Amino acid sequence: LNDWHMNNNNSILTRVAITITPRLNNALYSPLFQQCGGITGFFQESDANIKLLFKENNLTNIQPERSLWLQQAEEELKNMEKHHIQICGIEDPNYPHLLKHCADAPLVLFYKGTLKADESKNIAIVGTRKATELGKTRVGNILQQLADMGYRPNIISGLAYGIDIAAHSACLRLGLRAQAVVGHGLHMVYPASHKNIAEKILAQGGTLLSEFPTCAPIHPTNFLQRNRIVAGMSEAVLVAESPVKGGAMSTARQALSYSRNVLAIPGRPEDSNYTGCNMLIKQNIAALVENVSDILEAVNWEPIPTRPHQTSIDFFSASNDEDLIKQTLTNAGEQNIDQLHQLTRIPVHDLSVLLLKLELEGIVTQLPGKCYSLI
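Residues numbered from 1 in each chain as written. Predicted model: local features only at pLDDT ≥ 70, side-chain atom pairs only at ≥ 80, totals over all residues. Heavy atoms only, no water.

**Student:** Looking at this structure, how should I read the side chain of N273?
**Tutor:** Here N273 lies in the loop between β8 (261-264) and α11 (275-282). Within polar-contact distance, the side chain of N273 engages the side chain of E241 at 2.5 Å. Once residues lying within four places of it in the same chain are set aside, the contact partners of N273 are T128, K130, A131, T132, E241, S242 and P243. (Helix = DSSP H or I, 4+ residues; strand = E, 2+ residues; numbered from the N terminus. Polar contact = N/O pair within 3.5 Å; in protein donor to acceptor, adjacent residues only side chain to side chain. Contact = heavy atoms within 4.5 Å.)

Okay, structure coming up:
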């Protein structure tokens, strides 16, 4: 048992050591490790053999400094313990199952929170950091509709400003599972203003994921590299709002290369924030998404049977809560959802469902800044 414990620790150390050299932490180089009998074997091979294997695998521009990497990995393990960071290898049962099949998936991932390779539904939502209120509202509405229909997908995004954080926030509001893939070590949150949301994601059973150790320097290319993980983990990538240039477009291209569904919400031709979405649709790269049924058609999920008694409530009888909302908006005028919650004491989740229903019935209209008023 002691031997096993030693070997297990050894395998954690060697896995961490592979992440210290980013180029090697890539499924493209798994043949190199297979030739050594695994990652731990790679650190036990002779220097001469490793030099030869590097040449054969076209790794001529990396110096194999294995003892240095192991030393740095010792330090990294201390940081991981301090920050509650866990590690997962591509052969582990909890490694994201769709990502596992991508040719250039990371061999080793760091994570915080809960990582289950469940076969459940996975959708990535990406878009511009400079998102408009309209773009963010659309993301919230789509997730709301999915939740209302009984779907509980994993929603994957990148914790950046704009569309990413709108998707994560909507998950928190609706009790959906959020997974955030970041371009840096998990000892920090970037941008720092999203630390609070990152903590809530973990508290709600979600995950923070990264292929980067805490000692990795933050570099703009990390974020582009991160996009392939977002695309690889997903059945479909929804580009919610994006100009022609931007990270979301690189994620869409990556998704296309993995044969994933690419979806895009269109915008007006004169709106520069949607030129990327419109281009993806025009070039037949992305399916056009106006509503949830467009997404469901693309991903082909089984419909979830609705309970019969719900229909009668939803479509035939106006609930007292609806009357209360209408009364409140009549008396108090335009209100945002938090103010309405304060005034009506209706739980926020129920409130947003009812507001959506009243909006669809043409009784209430949504104004910028998530404010509502009677039509």
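**Student:** Hey, could you run me through empty space enclosed by the protein in this one?
**Tutor:** In this structure the tally under the stated criterion is 1 cavity of 30 Å³ or more. Each pocket or cavity is described by its volume, and for the largest cavity that value is around 70 Å³. In this structure, the largest cavity is lined by 11 residues; those nearest its centre are P96, H97, K116, N122 and Q179. Residue composition of the lining of the largest cavity, by class: 5 nonpolar, 4 polar and 2 charged. (1 Å grid on protein atoms, 1.4 Å probe; cavity = no way out; pocket = protein on both sides within 12 Å on 5 of 7 lines; lining within 4 Å. Points joined across faces, edges and corners; volume = space filled by probe spheres on them. Nonpolar A, V, L, I, M, F, W, Y, C, P; charged D, E, K, R; others polar.)

**Student:** Just to check I follow, could you spell out the sheet that holds strand β12 (residues 371-374) for this structure?
**Tutor:** Note: strands within a sheet are paired through backbone hydrogen bonds, in either parallel or antiparallel orientation. The sheet built from 3 strands is open, its strands ordered β10-β12-β11 with antiparallel pairing. Looking at the sheet topology across the chains shown, the edges are occupied by β10 (335-336) and β11 (364-367). In terms of strand pairing, β11 meets β12 through 4 bridges, oriented antiparallel. Bridged to L367 within β12 is C371. Where helix α14 (residues 320-332) meets the sheet, its contacts fall on β10, β11 and β12, and the angle it forms with β12 comes to roughly 90 degrees. Where helix α16 (residues 348-360) meets the sheet, it contacts β11 and β12, and its direction lies at approximately 110 degrees from that of β11. (Pairing = 2+ DSSP bridges. Axes fitted to C-alpha atoms, helices over the stretch in contact; angles between N-to-C directions.)

**Student:** Could you clarify how one ought to interpret helix α15 (residues 337-344) in this entry?
**Tutor:** Note that an α-helix has 3.6 residues per turn; residues three or four places apart therefore point the same way. All of the buried residues along α15 are I337, L340 and T344. On an axial view of α15, the arc spanned by its buried residues comes to 60 degrees, and they lie on one face. Buried residues along α15 sit against α14, β10, α16 and β12. Measuring from the backbone nitrogen of D338 back to the side-chain oxygen at the start of α15 gives 3.0 Å, which picks out N336 as the cap. (Buried < 20%, exposed > 50% of the residue type's maximum accessible area, 1.4 Å probe, protein only. Arc of directions from axis to C-beta.)

**Student:** Can you walk me through the nonpolar core in this structure?
**Tutor:** Nonpolar side chains in soluble globular proteins tend to be buried together. Among the nonpolar cores identified, the biggest contains 98 residues, and L24, F33, F42, F54, W69, I125 and L143 are the most heavily contacted of them. Per-element accounting of this core gives the leading share, 7 residues, to helix α7 (residues 163-174). Setting aside residues no more than four positions away along its own chain, I125 makes contact with V139, L143, I155, I156, S157, I163, D164, A167, L238 and A240. Among the nonpolar cores identified, the runner-up in size contains 11 residues, and L340, L351, L355 and L358 belong to it. (Core = buried A, V, L, I, M, F, W, Y, C linked by side-chain atoms within 4.5 Å.)

**Student:** Looking at this structure, how should I read the pattern of salt bridges?
**Tutor:** Side-chain pairing between opposite charges can occur once the charged atoms of the two side chains come close. Tallied over the entire structure, the rule returns 11 salt bridges. Across the pair E91 and R15 runs a salt bridge, and its minimum N-O distance is 2.5 Å. With E91 in the loop between β1 (86-89) and β2 (108-113) and R15 in helix α1 (residues 2-20), this pair connects stretches of sequence that are 76 residues apart. Residue K357 is joined to E361 by a salt bridge in which the shortest nitrogen-to-oxygen separation is 3.1 Å. Classification of K357 by relative accessible area gives buried; the value is 16%. Residue class for E361 comes out partly exposed when judged on its relative accessible area of 43%. Residues joined in a network through salt bridges with shared partners are R15, E91 and D92. (Salt bridge = Lys/Arg side-chain N within 4 Å of Asp/Glu carboxyl O.)

The values are spatial; any link to function lies outside them.
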